[in-house]
Amino acid sequence: MKKLTLLLLALLYVTLTYAYTERDLLQKQADINRLKEILVLDRQWVTYPDYNDRAGWDRFLGTFKDEYIRRGEKRLNYQWQVVKATDYLAFERTGNRQIMEKPFGANNGAIADLLMAELAEGKGRFVDQLINGVFNACEMTSWALAAHIIVQPSHRALPAYDYPVIDLTSGDLGGLLAWTYHFMRPSFDKVDPEISRRLRHELQTRILDPYMNNDSFWWMGRNYNGRMLNNWNPWCNSNALMCFMLLEDNRDTLAKAVHLTMESVDKFLNYIKADGACEEGPSYWGHAAGKTLDYLELLSDITGDKVNIFNEPMIKNMGEYISRSYIGNGWVVNFADASARGEGNSYLIYRFGKAVNSEELKGFAALMHQPKSSPNNGRDIFRTLASIAVDKELRQTEPRHENRPFTWYPETEFCYLSTKEGLFLAAKGGYNDESHNHNDAGTCSVWMNQTPILIDAGVGTYTRQTFSNERYSIWTMQSNYHNLPMINGVPEKYGKKYKATEVKAGKNSFEANIATAYPEEAKVKKWIRSYHVKGKQARISDSFELEEATAPNIVNFMTWGEIDRSEKGKVIIHVNNVKAALLYDAALFELTVEPKELDDIRLSKVWGSTIYRLSFKAKQQTNKGNYSFTIKKLYITALFIVFLGSDYHWILLHPNHQEPVL
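Residues numbered from 1 in each chain as written. Predicted model: local features only at pLDDT ≥ 70, side-chain atom pairs only at ≥ 80, totals over all residues. Heavy atoms only, no water.

Visitor: Mind showing me how you'd approach a negative patch on the surface here?
Guide: Negative charge collects at one region of the surface, where Glu520, Glu521, Glu547 and Glu548 lie side by side. Examined against the element boundaries, Glu520 turns out to sit in the loop between strand 12 (509-513) and strand 13 (524-534). (Patch = residues over 30% accessible without salt bridge, like charges linked within 9 Å, V, L, I, M, F, W, Y side chains within 5 Å. Areas by Shrake-Rupley, 256 points an atom, 1.4 Å probe, with all protein chains shown as cover. Salt bridge = Lys/Arg side-chain N within 4 Å of Asp/Glu carboxyl O. Lys, Arg positive; Asp, Glu negative; His and termini not counted. Charge placed at Lys NZ, Arg CZ, Asp CG, Glu CD. Helix = DSSP H or I, 4+ residues; strand = E, 2+ residues; numbered from the N terminus.)

As structure tokens, this is what we get:
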């Protein structure tokens, strides 16, 4: 287990000094002395009603009030679950994270529902059960997940009583309980002051003290030495800042804490690319860019809007990445550990658009909005309250979104190309050590009429294996299950030095040398992968030079739906009501179609039970050569019988004809 932990930490702490730019956007706004002057103390920054302001809560919740009460009523008889020692140990023994996380998550969700119900009703009906939940949480040794506790000195999954770990979940629960303390302390004190005293103590020892005194948490980036930073940084920092803002009354201590968060988040903003793309994919946008928004809003609140960087182009770029990465019909560009399905949190997207003054994001948020129920972000009570606050504005916003013909992220090396005929191609350069990395430098995905044709499968359910030295034994992480070649039979390799080079993008094309993403045994001098889109088709080209041809090259493409390979030189891909043809030179390649059964629910809920790998194996081994594939949209003709006068007529409908053909 210790070896596994060290390898995990190596993945997290990997040195990438070339990716770091010292912008220090936040620290340039205020030093610690300036903070002491501008801090808004005593929770005066809170805009939500006090618990006893019944008219205020009625106005704030509006038509959502009754739904929050009904949700809380379902929790009145909830049986608080015990997270057993063996639940933690299961992560070590079997790699299963869910055994520990499910009961813990259920408890946290119940606390959130009960809090919102009591705020909505205000009659004390939910207080006792809420106290049960709070007390249950206080009795736990740790609020961190088993998969994350292993950063403690023992490197084991069973929590140590004297080493509080701040991770994503402990931070979220800390924030939820800090808001609970803020709103419910008087009500708790009427029952027994010991409840609030205990809760305040646990928040101090689990969140406030370790944040101030333990700089070893990798996500903090303190004493930065080039280690990877990702969504953990703004996520954990936003929660820590929120706890200090709700709990700390001493001006000097609060100023020190706020400044520490600014230093830490600056490390994240220095690490990521200024073009704003999320290398972790759209599934992580809400955790990376979205939590950056939460943090920056809180920072603005506690400083009376004196520290505010929403006018920085980089922040706006981070927000608009999510709308640019949306294809339509629920599909997104899903590089890295992202799912291909994802419509996004409409409230979060709208808040981002409002903060950076982006009409693009506001319109996209309105398009994504499905006003069927009240906002509910589970244990993230801050987002639930913030969502309610913008609900009316969001509902009044006109939905709009369009795929731009050309979107280019020059630092992250993501390129999106689309045509008026409904073709959308996404390609990437990058390197094989990005956050939530897949070995996929140079890959692409293709959609037609908002339907995936050439796909990125995504990632399965997280287990211990996912973030260990076994990560690249998982097929979804391997380049040979992406739309990429195996050169001399060798796939791309993991590591920061394995990357795309000579990357270029134009309004209709993308090109990269991917030879540098392969290890020495591939014996490749140059491999130029290029994509070109026009009208209803995309051309995928490979131009290569090898040191030596030792095994047949294999060009792989991933797809789904119905596959017809009956005609040489053509593969018909039929997905729902979209049909495409992948054209290739049958004289050059031998085609194998490999079904890949999906037994992981995280994958099958997107793609169904089976996807396919189309493997084009070169018939000849040569040191130099060129390959070309074309994927084009086919029209599905429809044949109808109509009655005209006394006769029946067949009508063939085809989009290329101005009128039906009789």
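From this point, the discussion proceeds with the structure in view.
Visitor: Mind showing me how you'd approach the pairing of strand 18 (residues 578-583) here?
Guide: Across 6 bridges, strand 17 (residues 570-575) lies against strand 18 in antiparallel orientation. Across the sheet, residue Ile573 finds its bridge partner in strand 18, namely Ala580. What sits between strand 17 and strand 18 in their antiparallel hairpin is a turn of 2 residues, with Asn576 showing a positive phi close to 55 degrees. Note that strand 18 and strand 21 (residues 624-634) share 5 bridges and pair antiparallel. Residue pairing across strands places Ala581 opposite Lys632, the latter belonging to strand 21. (Pairing = 2+ DSSP bridges.)

Visitor: How should empty space enclosed by the protein be read in this particular structure?
Guide: Taken as a whole and judged by the stated rule, the model has 7 cavities of 30 Å³ or more. There is about 170 Å³ of room inside the largest cavity. Residue lining of the largest cavity: 18 residues in total, with Phe268, Ile272, Ala277, Cys278 and Glu279 positioned closest to the centre. For the lining of the largest cavity, the secondary-structure elements that each account for two or more residues are helix 12 (251-271) and helix 14 (313-324). Counted by class, the lining of the largest cavity contains 11 nonpolar, 4 polar and 3 charged residues. (1 Å grid on protein atoms, 1.4 Å probe; cavity = no way out; pocket = protein on both sides within 12 Å on 5 of 7 lines; lining within 4 Å. Points joined across faces, edges and corners; volume = space filled by probe spheres on them. Nonpolar A, V, L, I, M, F, W, Y, C, P; charged D, E, K, R; others polar.)

Visitor: Help me out: how do you make sense of the packing of helix 13 (residues 289-302) against helix 15 (residues 346-356) in this one?
Guide: How two helices pack is summed up by the angle between their axes together with the distance between the axes. At a minimum axis distance of 10 Å, the contact between helix 13 and helix 15 shows a crossing angle of 55 degrees. Viewed along their axes, helix 13 and helix 15 adopt a mutual orientation that is oblique. Seen along the crossing, helix 13 lies across helix 15 with a hand that is left-handed. Of the residues in helix 15, those in contact with Ala289, Gly290, Leu293, Asp294 and Glu297 of helix 13 are Leu348, Arg351, Phe352 and Ala355. (Axes fitted to C-alpha atoms, helices over the stretch in contact; angles between N-to-C directions. Parallel < 35°, antiparallel > 145°, perpendicular 65-115°, else oblique. Left-handed = near helix turned anticlockwise from the far one by under 90°. Contact = heavy atoms within 4.5 Å.)

Visitor: Mind showing me how you'd approach the nonpolar core here?
Guide: Counting residues in each nonpolar core, the largest one holds 214 residues, and the members touching the most others are Leu26, Trp179, Leu269, Trp607, Phe616 and Phe629. In this view, Phe629 contacts Ala538, Arg539, Ile540, Val555, Phe557, Leu582, Leu583, Tyr584, Phe589 and Phe616; residues no more than four positions away in its chain are not counted. (Core = buried A, V, L, I, M, F, W, Y, C linked by side-chain atoms within 4.5 Å. Buried < 20%, exposed > 50% of the residue type's maximum accessible area, 1.4 Å probe, protein only.)

Visitor: Which parts of the structure should I look at to understand helix 17 (residues 381-395)?
Guide: The periodicity of an α-helix, 3.6 residues per turn, causes residues three or four positions apart to be oriented the same way. Under the 1.5 Å per step criterion, the end-to-end length of helix 17 is 21 Å for 15 residues, consistent within 8% with the ideal 21 Å. Within helix 17, the axis deviates most sharply at Ala389, by approximately 40 degrees. With respect to burial, helix 17 is a largely interior element, 11 of its 15 residues being buried. Residues Ile381, Phe382, Arg383, Thr384, Leu385, Ala386, Ser387, Ile388, Val390, Asp391 and Leu394 constitute the buried set of helix 17. (Expected span 1.5 Å × (residues − 1). Bend = angle between axes of the 7 residues up to and from the residue.)

Visitor: Would you mind showing me how to read the sheet that holds strand 15 (residues 554-559) here?
Guide: Sheet strands pair by backbone hydrogen bonding; their relative direction is either parallel or antiparallel. Ordered by their spatial adjacency, 4 strands build an open sheet running 9-15-20-19, and the pairing between neighbours is antiparallel. Every interior strand has two partners, whereas the edge strands, strand 9 (485-486) and strand 19 (589-597), have only one. Here strand 9 pairs with strand 15 via 2 bridges, running antiparallel. What sits directly across from Pro485, in strand 15, is Val555.

Visitor: Where do I start with the sheet that holds strand 16 (residues 562-564) in this structure?
Guide: Pairing is antiparallel across the open sheet formed by 8 strands, whose spatial order is 11-12-13-14-21-18-17-16. Each having just a single partner strand, strand 11 (501-506) and strand 16 make up the two edges of the open sheet. Between one strand axis and the next, the sheet turns through 15 degrees on average, direction left out of account.

Visitor: Looking at this structure, I do not really get the pattern of salt bridges. What am I missing?
Guide: Where charged atoms from two side chains of opposite charge approach closely, those side chains can pair. Tallying each qualifying case throughout the model produces 39 salt bridges. One salt bridge connects Arg71 with Glu67, and the closest N-O pair in it is separated by 3.1 Å. Taken together, the residues span about one helical turn, with Arg71 and Glu67 both in helix 4 (residues 65-73) at a distance of 4 residues. Taking the relative accessible area as the measure of exposure, Arg71 reaches 17% and is therefore buried. A relative accessible area of 19% means that Glu67 is categorised as buried. Ionic pairing is found between Arg383 and Asp380, a salt bridge with its closest N-O pair at 3.7 Å. Accessibility assignment for this pair places Arg383 and Asp380 in one class, buried. Taken together, the shared-partner salt bridges connect Lys291, Asp294, Glu297, Arg351, Asp380 and Arg383 into one network.

Visitor: Would you take a moment to explain the environment of Gln29 for this structure?
Guide: With respect to the helices, strands and loops of the structure, Gln29 is situated in the loop between helix 1 (2-12) and helix 2 (32-38). Among the residues examined, Gln29 registers a relative accessible area of 31% and is labelled partly exposed. Gln29 sits 278 residues away from Val307 along the chain, and the two C-alpha atoms are 5.8 Å apart. With sequence-adjacent residues up to four places away left out, Gln29 is seen in contact with Lys306, Val307, Asn308 and Ile309. At 3.1 Å, the side chain of Gln29 and the backbone nitrogen of Asn308 are in polar contact. (Polar contact = N/O pair within 3.5 Å; in protein donor to acceptor, adjacent residues only side chain to side chain.)

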